[in-house]
Amino acid sequence: MASKVTRSTLKGGYIARNAKTGQFVEVCTSSGKQRATEKTVATIKEASEKRRSALKRLADR
C-alpha cells in the first residue's frame, strides 16, 4: 500500500512529503519528477535550519 503524500506548490513545480512522517519524498520541476536522495534531503534540512535560526534572531531583537 502506498503512503499518502502532501504536495506544496512552489514556483515552477512542487515538493511532496509523506503525510504521516513529514519526510521529503520527491520534487517536481519543469525538468520532470525526481525521487528524494540523501543529498536532497540534507539540502532541504540545511535550508530549513537556516530559516529557523534567522526567524529566531529576528524574534530576539
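Refer to the preceding data block for the structure.
Residues numbered from 1 in each chain as written. Predicted model: local features only at pLDDT ≥ 70, side-chain atom pairs only at ≥ 80, totals over all residues. Heavy atoms only, no water.

S.K.: Please explain the pattern of salt bridges as it appears in this structure.
M.R.: Working definition: two side chains of opposite charge can pair if their charged atoms are close together. Across all of its chains, the model carries 3 salt bridges by this definition. Between E26 and R7 there is a salt bridge, with its nearest N and O atoms 3.9 Å apart. With E26 in strand 3 (residues 24–29) and R7 in strand 1 (residues 5–10), the pair connects residues that are 19 residues apart, well separated along the chain. The exposure class of E26 is buried, given its relative accessible area of 11%. A salt bridge links K50 to E46; the nearest nitrogen and oxygen atoms lie 3.6 Å apart. Residue K50 and its partner E46 are both found in helix 1 (residues 38–59); the two are separated by 4 residues, about one turn of the helix. (Salt bridge = Lys/Arg side-chain N within 4 Å of Asp/Glu carboxyl O. Helix = DSSP H or I, 4+ residues; strand = E, 2+ residues; numbered from the N terminus. Buried < 20%, exposed > 50% of the residue type's maximum accessible area, 1.4 Å probe, protein only.)

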